[in-house]
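Here is how the chains run, residue by residue.
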Amino acid sequence: MENFEDGAREHLLSVNVNENGGFNGSESKIQVKNLTRSLDKGVSTLQNASLDIPRGKIMGIIGPSGSGKSTLLRALNRLWEPPSGTVFLDGKDITSLDVLLLRRKVGMLFQLPVLFEGTVADNVRYGPQLQGKKLSDQEVHKLLTFADLDSSFFNKSGSELSVGQAQRVALARTLANEPEVLLLDEPTSALDPISTQNIEDLLLKLKSKGMTVVMVSHSIKQIQRVADVVCLLVGGEIVEVLKSEQLSEAKHPMARRFLELGS
Ligand SMILES: Nc1ncnc2c1ncn2[C@@H]1O[C@H](COP(=O)(O)OP(=O)(O)OP(=O)(O)O)[C@@H](O)[C@H]1O
């Protein structure tokens, strides 16, 4: 899978090439500072959340249902608009950036892939086309190959694909925008174990190429397989941030219970 190593997607690879990869003391790609989202009647979805997301690493976000994981993730590319001065990408307040530019830099993959009408190739070309760029057939093939989809998929329509294949097309479509950060909201919860493994392998491959990945998952085992660092959310608060191999050392009682019961 060396498809990104030359040609048009090259600059995706060049991101963070000089980073040492350590997340202690390494520069943050995204910083969240005192992020709160208040709902009606004084209830908060997020309370004073502060988090450094390390560059070129995979951060997992886990926590019980309703703890604010999706809200936190969606704030990172303004699918939910955070207050100014709370989320920074490469040190810049994301609310001061053009929102479409931000979403190209910070791409998102959802639980269920929604493909547009047309062929797989049309889907992959969609993002660049919005900027007036037409990806060549070769560039589309490279993105598909990267997502472990062979040439036979090029002209297929979304309705011919399994959910797992569609998720990989959605990933190729997101990567066509050359993002620097990939956000994933339970990307494998609708997939079978083999498709899940495909996606996990792709995430590790992206990390090896310098991508920063932030993934919400309900599966603690999945987080342990792929994440370098884990953020535990309970009741809208970030209660712990740990290296994934230290997950069993979490101290917060709700976090401990969640970990003990989790699969
Ligand atoms: N737009 C909204 N309006 C009102 N309440 C909301 C809105 N979005 C989220 N919430 C509430 O905020 C809380 C956190 O939601 P969020 O989806 O971020 O949690 P989550 O940890 O991702 O949950 P799950 O694991 O079930 O997907 C929930 O109680 C939810 O009902």
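In the block above lies the structure referred to throughout.
So, here is what we can say about the structure in this document. For clarity, every value in this text was computed on a predicted model and none was experimentally measured.

What counts, and at which threshold
- Residues numbered from 1 in each chain as written.
- Predicted model: local features only at pLDDT ≥ 70, side-chain atom pairs only at ≥ 80, totals over all residues.
- Heavy atoms only, no water.
- Pairing = 2+ DSSP bridges.
- Helix = DSSP H or I, 4+ residues; strand = E, 2+ residues; numbered from the N terminus.
- Salt bridge = Lys/Arg side-chain N within 4 Å of Asp/Glu carboxyl O.
- Buried < 20%, exposed > 50% of the residue type's maximum accessible area, 1.4 Å probe, protein only.
- Patch = residues over 30% accessible without salt bridge, like charges linked within 9 Å, V, L, I, M, F, W, Y side chains within 5 Å.
- Areas by Shrake-Rupley, 256 points an atom, 1.4 Å probe, with all protein chains shown as cover.
- Near = heavy atom within 4 Å.
- Polar contact = N/O pair within 3.5 Å; in protein donor to acceptor, adjacent residues only side chain to side chain.
- Core = buried A, V, L, I, M, F, W, Y, C linked by side-chain atoms within 4.5 Å.
- Contact = heavy atoms within 4.5 Å.
- 1 Å grid on protein atoms, 1.4 Å probe; cavity = no way out; pocket = protein on both sides within 12 Å on 5 of 7 lines; lining within 4 Å.
- Points joined across faces, edges and corners; volume = space filled by probe spheres on them.
- Nonpolar A, V, L, I, M, F, W, Y, C, P; charged D, E, K, R; others polar.
- Axes fitted to C-alpha atoms, helices over the stretch in contact; angles between N-to-C directions.
- Parallel < 35°, antiparallel > 145°, perpendicular 65-115°, else oblique.
- Left-handed = near helix turned anticlockwise from the far one by under 90°.
- Arc of directions from axis to C-beta.

## Some points on the sheet that holds strand β2 (residues 44–54)
Across the sheet, which stays open at both edges, the four strands sit in the order β2-β1-β4-β5 with antiparallel pairing between neighbours. The open sheet has two free edges, formed respectively by β2 and β5 (92–93), since each of these has just one partner strand. Strand direction decides the pairing type here: strand β1 (residues 28–38) and β2, joined by seven bridges, are antiparallel. Each bridged residue has a counterpart across the sheet, and for Gln31 the counterpart in β2 is Asp52.

## Observations concerning the pattern of salt bridges
Across all of its chains, the model carries nine salt bridges by this definition. Across the pair Asp90 and Lys29 runs a salt bridge, and its minimum N-O distance is 2.8 Å. Taken as a pair, Asp90 in the loop between β4 (87–89) and β5 and Lys29 in strand β1 lie far apart in primary sequence, 61 residues in all. By relative accessible area, which is 32% here, Asp90 ends up partly exposed. If you follow the salt bridges from partner to partner, you end up with Glu27, Lys29, Arg55, Asp90 and Glu180 in one network.

## A closer look at the pairing of strand β3 (residues 58–62)
With respect to burial, β3 is a largely interior element, five of its five residues being buried. Burial of β3 is two-sided: the residues Ile58, Gly60 and Ile62 facing one way and the residues Met59 and Ile61 facing the other way are all buried. By the bridge criterion, four bridges tie β3 to strand β8 (residues 212–216) in an arrangement that is parallel. In the strand pairing of β8, Ile58 is matched with Val213.

## Details of a nonpolar patch on the surface
Together, Phe116, Tyr126 and Leu130 give the surface a local cluster of nonpolar side chains, amounting to about 310 Å² of exposed area. With a relative accessible area of 38%, Tyr126 lands in the partly exposed category.

## Here we look at the environment of Asp148
Note that Asp148 resides in the loop between α5 (137–146) and α6 (163–175). With relative accessibility at 35%, the residue Asp148 sits in the partly exposed group. Once the C-alpha coordinates of Asp148 and Leu175 are considered, the two residues, 27 residues apart in sequence, prove to be 13 Å apart.

## What about the site of the ligand?
Around the ligand, the surrounding shell holds 13 residues, and the nearest of these are Ser65, Gly66, Lys69, Ser70 and Thr71. One nitrogen or oxygen atom from the side chain of Arg37 is found 3.4 Å from a nitrogen atom belonging to the ligand. One of the side-chain N or O atoms of His218 is found 3.1 Å from an oxygen atom in the ligand. Protein coverage of the free-state accessible area of the ligand, which is 630 Å², stands at 56%. A per-element tally of the shell around the ligand places helix α2 (residues 69–75) first, with three residues.

## Section: the nonpolar core
Generally speaking, nonpolar side chains in soluble globular proteins are found buried as a group. Core analysis: the biggest nonpolar cluster contains 46 residues, and Ile62, Val124, Leu144, Leu182, Leu203 and Leu247 have the highest contact counts within it. Beyond its immediate stretch of four places on either side in the chain, Val124 contacts Leu135, Val140, Leu143, Leu144, Ala172, Arg173 and Ala176. In this structure, Leu35, Ile61, Leu102 and Leu183 belong to the second largest nonpolar core, which totals 29 residues.

## Concerning the layout of surface pockets
It is a probe the size of a water molecule, rolled over the atoms, that shows where empty space is left. Put simply, the largest pocket is a space of about 590 Å³. In terms of lining residues, the largest pocket is bounded by 23 residues, among which Arg103, Met108, Tyr126, Thr174 and Asn177 are the most central. Sorting the residues of the lining of the largest pocket by element identifies α3 (99–105), β6 (106–109), α4 (120–130) and α6 as the ones contributing at least two each. Here the lining of the largest pocket is composed, by residue class, of 13 nonpolar, seven polar and three charged.

## Brief notes about the packing of α4 against α6
Remark: α4 packs on α6, axes separated minimally by 7 Å, with the N-to-C direction vectors making an angle of 30°. Taken together, α4 and α6 sit at an angle that is classed as roughly parallel. Two packed elements cross with a definite hand, and for α4 against α6 that hand is right-handed. Taken together, the residues of α6 that come into contact with α4 (itself represented by Val120, Asn123 and Val124) are Val169, Ala172 and Arg173. Taken together, the residues of the contact of α4 with α6 break down into four nonpolar, one polar and one charged.

## Description of helix α9 (residues 253–261)
Within α9, burial applies to Ala255, Phe258 and Leu259. Relative to the axis of α9, the buried residues are bounded by an arc of 100° and lie together on one face. Facing away from the buried side of α9, by more than 90 degrees, are the exposed residues Pro253, Arg257, Glu260 and Leu261. Against β3, α8 (220–226), β9 (229–234) and β10 (237–243) lie the buried residues of α9.

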